[in-house]
Structures are given as structure tokens and as C-alpha cells.
Amino acid sequence: MKKRLGFMLSIVLMFALVLSACGGGSKTNNGASGTNASASPEASAAPEESAAAGAKLKIGMVTDVGGVNDKSFNQSAWEGLQKVTKDTGSETKYLESKGDADMEPNLRAFVSEKYDMTWGVGFLFQDAMGKVAKDNPDSKFGIIDSAVDAPNVVSVNFAANEGSFLVGVVAGLTTKSNKIGFVGGMEIPSVTVFEAGFNAGVKAVNPDAKISRNYTGEFGKPDLGKAAAAVMYNDGVDVIFQVAGGTGNGVFNEATARKKAGQDVWVIGVDKDQSIEFGNEVTLTSMLKGVEAAIYQVSTDLINGKWEGGKSVVLGLKDGAVGLPENNPNISEDIMKKVEEYKQQIISGSLVVPTEVK
Amino acid sequence: MDKVKGIADKTFNKTSFLVPLVAIILGLLCGAIAMLAGGFDPILAYQSLLKKLFGSPYDMGEAIRAITPLLFTGTAVAFAFRTGLFNIGVEGQFMMGMTGATVIGITLDLPWYLHAPLAIIVGALCGGLWAALTGYLKAVRGVNEVISSIMLNWVALYLSNYIIRAFFVAKGQQKSDPIQESALVSIGWLSDAMDHARMHWGTVIALLGIGVFYIILWRTKQGYELRAVGQSPDAALYAGINVNRTIVKSMFISGLFAGLAGVFETLGVFGYQTMLAAPWGYGFDGIAVALLGGNTPIGVLLGAILFGGLSYGSAGMSFGAGVPPELVRIVIGSIIFFIASHGIVKFFIKPFLGRRADKRKEAI
């Protein structure tokens with residue numbers, strides 16, 4: 001019996017050792033604030049900081065189900081807020097939603113902590129945001145990809161069809177098999193608008209191309225994206241445009257595997273320049289959506305005392321909010337010229353890109 | 001009186017309290033180590049967790065909202081376990097319950113005192129019949145209920161999605177039209193009192209359900225039969241119990257509970273039904289709840305509170321202490337791991353218990 005007790009004590013001792021070692025070894029900043037907090041449970045460093053600086057605000061953000069590391073939509077929103085912190089010293093924080101049920105409590109968490117502004121990132125926030133904004137008329141909110149008609153909400157939408165038209169042109173001119181794929185997340189307006197523009201772009205330069213489409217129904221499931229891509233590539237598709245958040249990572253994954261096996265396949269990324277994440281070997285180009293810039297703009301405006309509650313904006317090619325990245329090593333000069341041509345037509349208004357899939 | 005005391009003694013002896021308690025402490029310690037390794041402050045994190053649960057009326061209400069479906073699914077799994085059946089298809093029965101309630105809630109136009117009860121009953125029956133299908137296959141053809149019920153989960157998921165997409169989808173959305181007011185079971189005054197937390201009558205019914213679970217199994221002749229089949233089907237058969245009928249009946253009742261969980265998610269929480277790419281997970285969490293609670297009514301209640309509370313409060317950890325969600329899941333996982341593994345915990349507390357026993361022996 002004594003032996004057993006001794007063994008147990010030594011395990012506890014070992015735990016304690018590991019525990020203290022970790023505490024000291026990792027970032028010293030955190031270690032220090034950790035001891036502070038444990039000494040006085042109520043103390044939290046944040047409010048003091050903001051009080052000292054005066055004009056610094058607290059801005060929160062709630063992701064949709066894709067999560068903050070989805071390498072596209074939510075991540076670029078968070079990068080926008082991180083930039084706000086870097087430039088203005090304002091405090092920013094995010095919460096992830098695991099499902100529909102979490103969205104409302106997450107938004108309310110920021111409200112009850114007296115955040116100056118709270119972002120809901122994505123179309124799926126429409127209902128939750130509408131309710132929370134109505135119940136808290138004194139709080140400020142921002143929503144991306146949806147419109148909430150309330151005096152305390154700024155709605156930011158993107159003319160994604162315009163940018164998608166341009167990558168459609170690239171796809172239509174690049175494909176060798178004349179088979180092109182579209183992999184979407186959920187079949188909701190903020191995604192189908194990409195498909196509509198993309199289809200129009202492909203048809204404009206390559207009327208014979210066949211476009212196959214697959215909506216996986218999920219933004220956070222790379223395995224579904226990989227399976228969808230595999231089916232398309234097997235079918236002879238050589239360019240896939242993915243608009244599926246985290247699910248789209250699976251499309252890249254499949255393309256990388258096939259590229260290594262010698263197959264000539266491409267992916268067109270979405271929201272961010274995804275060649276940075278997945279490499280130029282498979283990323284033909286990306287359809288950028290200026291979520292980062294939009295969030296940064298509205299948030300810094302608020303910090304500088306400018307707030308236009310109730311406003312709903314649609315940002316497009318002419319605002320530079322959608323389009324291709326600056327560097328496109330995989331696109332030839334000729335194609336780029338064509339893209340530029342169409343871009344000017346869209347900006348001037350002589351070409352109107354459809355927003356709905358026919 | 002003696003009988004009550006006997007039951008109480010059996011349920012609440014020293015180890016039955018000590019083991020879960022030590023398990024929770026060990027889990028919290030393990031989680032703390034993980035957080036320290038990641039450079040976060042565990043004490044602040046645990047404070048934030050508690051604050052998220054009890055900090056405001058809204059959070060308390062929402063925590064109850066998160067616990068409610070687990071009460072139902074936990075009861076469903078535990079009920080089937082008592083009859084020797086592993087109902088892993090709670091997820092599918094949950095979906096069917098949701099869909100049944102949605103269909104009634106959208107299509108019919110009735111006064112509230114008929115509409116809501118009808119939607120609840122139809123939803124529950126959908127769940128029950130879905131489960132009875134599994135029971136029937138097992139009873140008649142000997143199909144293993146684990147296989148058939150888990151496969152039926154997917155059938156239920158896609159059937160529900162199909163029904164919503166084909167008949168009830170709101171334009172340009174991934175969800176159904178809103179359910180009519182008369183079918184909703186939210187408690188308006190309580191929601192207002194709790195700062196708009198989504199309170200609904202399902203919580204009350206879930207608690208009653210746990211009572212029903214106890215009464216059916218331990219206070220009726222049928223319940224005795226159900227448990228007898230669970231203990232030993234052969235002996236039950238020899239005693240003249242119709243084993244096949246009992247299996248179907250048990251699955252049906254289990255499915256009723258699972259269906260009710262889904263019913264109250266649509267009628268009480270959302271007021272619409274979303275098309276899902278994957279099951280929600282309340283059904284699988286229900287298995288964990290039932291196992292944590294040792295398939296007893298009180299155990300299911302406590303297990304659901306723990307499980308639901310942790311999963312709702314975990315958002316507080318990322319909010320208050322900046323712990324990333326991935327790490328929060330490790331912490332929650334380690335707590336549940338220790339609670340589920342009685343053996344490890346008993347090994348840890350044995351020296352103390354043993355020493356006490358030794359002393360008692362000496363005293364005698």
C-alpha cells in the first residue's frame with residue numbers, strides 16, 4: 001500500500017514539475033500576467049490599458065462555422081482586426097461559432113462585455129445579428145456578406161460576381177480539356193453570386209467549355225472538398241474554382257497530390273491570395289475579396305469618430321475590393337491583357353455581370 | 001422509509017461521490033497543464049468558464065438551453081442501455097424528431113393549444129418510429145442495432161435535408177421557412193426576464209422525462225421486463241417474457257426521447273430548421289452523458305449538466321483568457337476522459353480510501 005502511495009506522490013510531483021517548467025519556459029509576458037491574475041483574481045490587464053490610452057476601443061468579431069483558421073474568409077476578417085490592433089492599439093478579440101446555436105450567445109458575449117463594436121462574419125449571421133442588434137440599440141455592429149436593416153448595423157457586401165467574372169476569364173483561357181469545375185460551400189446567395197460571375201466569365205471567352213458544379217453544403221469540412229475535387233479531376237476537369245472556406249482546403253490538397261503525380265491541374269483560390277498558403281504550383285490565381293480591407297476601414301473609421309450606422313455598402317471592382325492578386329506568375333501576358341480589358345468594361349459599366357446563376 | 005434509505009445509501013455512497021469529484025479535479029489539472037504549456041493562465045481561464053456559466057442571467061439561461069437536448073439524448077441512450085441495446089442512432093432519431101415538428105409547425109394552421117402539442121407529439125413519434133425500425137430489424141432479422149442505427153443516422157440526415165429542400169426551403173437560404181408562432185414553445189416572459197436567453201418548455205419536459213425514465217424502468221411491470229431482457233435475454237425468454245416485443249418497445253421509447261430533443265431544438269430554440277451537412281452531435285454527446293451517468297436517472301441529469309455546461313462555458317475560456325478554441329477542446333476532453341475512466345481515478349484515490357479502511361480495522 002505504501003509503495004502505491006509513493007508512486008502516486010511521485011506522479012503528482014512530476015506533474016508539478018512539468019507544470020512549473022512550462023509556466024516559466026513559455027512566453028515570459030504571459031507568465032507574468034498569469035501570476036498577476038492569480039494573485040488578484042478580479043484584475044484584468046485589458047481595461048487599465050485602454051483607460052490609459054483614452055481613445056482606444058474594443059472591437060470584437062464572431063466567426064461563422066469555418067473558424068478563424070479557415071485560410072480564407074474568416075481568417076482575412078481576423079487579419080483585418082489584427083491590423084487595427086497594430087495600427088491603433090485598440091483591443092480586438094474573436095470567438096468561434098461551432099454551429100448556428102452559438103452565434104447569438106457569441107454576439108451577446110461581446111455586447112455584455114461592453115465592446116464598442118462587434119462584427120459578424122458571414123451570411124449565416126443574418127438572423128442572429130438582426131435579433132441582437134434590435135435588443136441592444138446602443139451597441140454597434142458590423143456584418144459581412146449580408147444586409148441587416150437596423151440603425152446600429154453597418155452592412156458590407158461585395159460584388160463578388162465582378163471579380164469572379166475575371167477569374168472565369170482566366171479559367172476559360174487556361175483550360176486545355178475544356179472542362180472546368182466549381183466547388184462551393186453552402187448554396188446561399190453569398191456563394192452563388194461567385195458562381196454566376198464565374199460562369200459568365202468562362203462563357204465570355206470560351207463558349208464551348210463545360211462547367212460542372214458541386215455544393216458540398218459545408219464551409220468547415222476539407223474532406224468533402226477533397227472528395228468533390230477528386231470526382232471532378234477524374235472526370236477530366238483541369239481548373240477548379242473553389243468558394244468553400246475551410247472545405248476548399250481539401251480542393252487544394254487534392255490538386256497538390258495530383259500535381260505531384262504529374263497531372264496538370266489547377267485551383268483558383270478565394271477570398272485571400274491563396275498561393276501564399278498553398279503554393280504557386282497549384283494556385284492558378286485567386287479571387288480576392290477585400291474582407292480584411294473592409295473590416296479595417298469601418299473599424300478605423302469608428303476609432304476616428306466616424307460611424308455610419310444603418311449604412312449598407314456594396315464594394316466591387318471599382319472600389320478595388322474584389323479582383324485578382326497583384327502577382328500572377330501562372331497567368332500569361334495575353335490572358336492578363338484580356339482580364340484587364342474585361343475589368344475596364346465592368347468598371348465603366350458597359351459590361352454588367354449577372355448575380356444569379358441561370 | 002427503510003426502503004428509501006436503502007436506495008439512497010446505494011446511490012450515494014462514498015465512492016460514488018468521490019470518484020467523479022476526483023475525476024473532475026484531475027481533468028482540470030490536466031487541462032491546466034495543457035494551458036500552461038501553451039502559455040495561457042489556467043486560473044483565469046477557469047474563472048472565465050465559471051463566469052460564462054453563472055455570470056449573467058443570459059448566460060445561465062443559455063447554458064440551460066445547451067443542457068436541455070443532452071438531457072433528452074442522454075435519457076434516450078441510457079434507456080436503451082438498460083434493455084441491453086446500444087442505441088447509437090439517437091442522432092438520426094433527433095433529426096427525424098426535428099423534421100416531424102418542422103413539417104407540422106409550418107404546414108398546419110391551428111390554435112396554439114392544439115398546434116404546439118401536435119407538433120411535439122408528431123416529432124416524438126417520428127423519432128420513436130425511426131428507432132423502432134432498428135428494433136424491428138434486430139428482433140425479426142437479428143440485425144445488430146449498432147450497425148443499423150448508425151447507418152440510419154445518415155438516411156435520416158439526408159431524408160430531412162431532402163424534405164426541407166423540396167418543400168419548405170426559404171428562398172436563397174439553407175434553412176426552412178419560419179415555423180408558425182402558434183407552434184413555438186418558447187417561454188416569452190422567462191426569456192425577457194433572462195435577458196433574451198432562448199428559454200423554452202423543453203427543459204421542463206426533459207426533467208419530467210428523466211422522471212418518466214425512472215418510473216417506467218423501476219416502478220412498472222413493463223420496466224421490469226425491459227431490465228430483465230437487458231440483464232439476460234435468454235433468462236427473460238425462459239421466464240416467459242416476449243423478448244422481441246420488448247426490444248422493439250425499448251427502442252421505440254428511446255427514440256421518443258431522442259425525437260423530443262430534436263423537436264424542442266426547432267420549436268423552442270430556432271423556429272426554423274437548417275439543412276445540415278453533418279449531424280449536430282447531440283446524439284453522440286448523449287452517449288457520453290449516459291455513460292458518465294452510469295445509465296441512472298440522476299447520473300444522466302448530472303452528466304448532461306456537466307457536459308452541456310462545459311461546452312457552453314468553453315466559449316468563456318477563449319473570451320476571458322484568450323485560450324484558442326483548439327486548446328479549450330483539449331481541456332474539455334481531458335475532463336471528460338478522467339470522468340469516463342473510473343479505473344484510473346480509483347487507482348489515484350485508492351491509497352487514501354485504503355488507509356482509512358486500515359484505520360477502521362485497527363479501531364475495531
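Reading the values: the criteria
- Residues numbered from 1 in each chain as written.
- Chains lettered and ligands numbered in written order.
- Predicted model: local features only at pLDDT ≥ 70, side-chain atom pairs only at ≥ 80, totals over all residues.
- Heavy atoms only, no water.
- UniProt positions renumbered as here; feature names shortened; annotations may be inferred.
- Helix = DSSP H or I, 4+ residues; strand = E, 2+ residues; numbered from the N terminus.
- Contact = heavy atoms within 4.5 Å.
- Core = buried A, V, L, I, M, F, W, Y, C linked by side-chain atoms within 4.5 Å.
- Buried < 20%, exposed > 50% of the residue type's maximum accessible area, 1.4 Å probe, protein only.
- Pairing = 2+ DSSP bridges.
- Right-handed = clockwise from strand over helix to strand, strands pointing away.
- Axes fitted to C-alpha atoms, helices over the stretch in contact; angles between N-to-C directions.
- Parallel < 35°, antiparallel > 145°, perpendicular 65-115°, else oblique.
- Left-handed = near helix turned anticlockwise from the far one by under 90°.

You'll find chain B entered in an unreviewed UniProt entry as Simple sugar transport system permease protein, with Paenibacillus algorifonticola given as the organism. Per UniProt, chain B has the following entry under Subcellular location (unreviewed entry): "Cell membrane".

Going by an unreviewed UniProt entry, chain A carries the name Basic membrane protein A and comes from Paenibacillus algorifonticola. Taken from UniProt, the Subcellular location (unreviewed entry) comment for chain A reads in full: "Cell membrane".

Participant: Explain the environment of B:A277 to me, please; I cannot follow it from the model alone.
Facilitator: Within the secondary structure layout, B:A277 lies in the loop between α12 (243-270) and α13 (282-292). As a C-alpha pair, B:A277 and B:S160 span 117 residues in sequence and 11 Å in three-dimensional space. Apart from the residues within four sequence positions on either side, B:A277 is in contact with A:T216, A:G217, A:E218, B:L157 and B:Y158.

Participant: Can you walk me through the nonpolar core in this structure?
Facilitator: Nonpolar side chains in soluble globular proteins tend to be buried together. Counting residues in hydrophobic clusters, the biggest one holds 71 residues, and the most contacted among them are B:M35, B:F79, B:I120, B:L267, B:M317 and B:V323. Not counting chain neighbours up to four residues away, the residues in contact with B:M317 comprise B:M35, B:A45, B:Y46, B:S48, B:L49, B:G322, B:V323, B:V328 and B:V331.

Participant: Can you walk me through the pairing of strand β7 (residues 210-215) of chain A in this structure?
Facilitator: Within a regular strand, the side chains alternate between the two sheet faces. All names here are of chain A. Across 6 bridges, strand β6 (residues 179-184) lies against β7 in parallel orientation. Looking at the pairing, F182 lines up with R213 of β7. Note that the unit made of β6, helix α8 (residues 189-205) and β7 has a crossover that is right-handed.

Participant: Would you explain the packing of helix α9 (residues 222-234) of chain A against helix α10 (residues 248-260) of chain A in this entry?
Facilitator: Two measures define how a pair of helices packs: the angle their axes make with one another and the distance between the axes. Residues and elements named next belong to chain A. With their axes 6 Å apart at the nearest point, α9 and α10 run at an angle of 45° to one another. Put simply, α9 runs oblique to α10. Helix-helix and strand crossings are classified by hand; for α9 and α10 the assignment is right-handed. The segment α9 lies against α10, with P222, G225, K226, A229, A230, Y233 and N234 engaging G250, V251, N253, E254, A255 and R258.

Participant: Help me out: how do you make sense of the sheet that holds strand β12 (residues 322-323) of chain A in this one?
Facilitator: Strands pair in a sheet through their backbones, by hydrogen bonds, and they do so in one of two ways: parallel or antiparallel. Residues and elements named next belong to chain A. Pairing in this open sheet of 6 strands is mixed, and the strands run β7-β6-β8-β9-β10-β12 from one edge to the other. What marks the edges here is a single partner per strand, and that holds for β7 and β12. Pairing analysis gives 3 bridges linking strand β8 (residues 239-243) to strand β9 (residues 266-271), with the strands arranged parallel. Residue pairing in the sheet places I240 in a bridge with V267 of β9.

Participant: Hey, could you run me through the side chain of A:T300 in this one?
Facilitator: Residue and element names in this part refer to chain A. Among the secondary structure elements, T300 is positioned in helix α12 (residues 291-303). Owing to a relative accessible area of 9%, T300 belongs among the buried residues under this scheme. Ignoring sequence-local partners within four residues, the contact set of T300 consists of V84 and T88.

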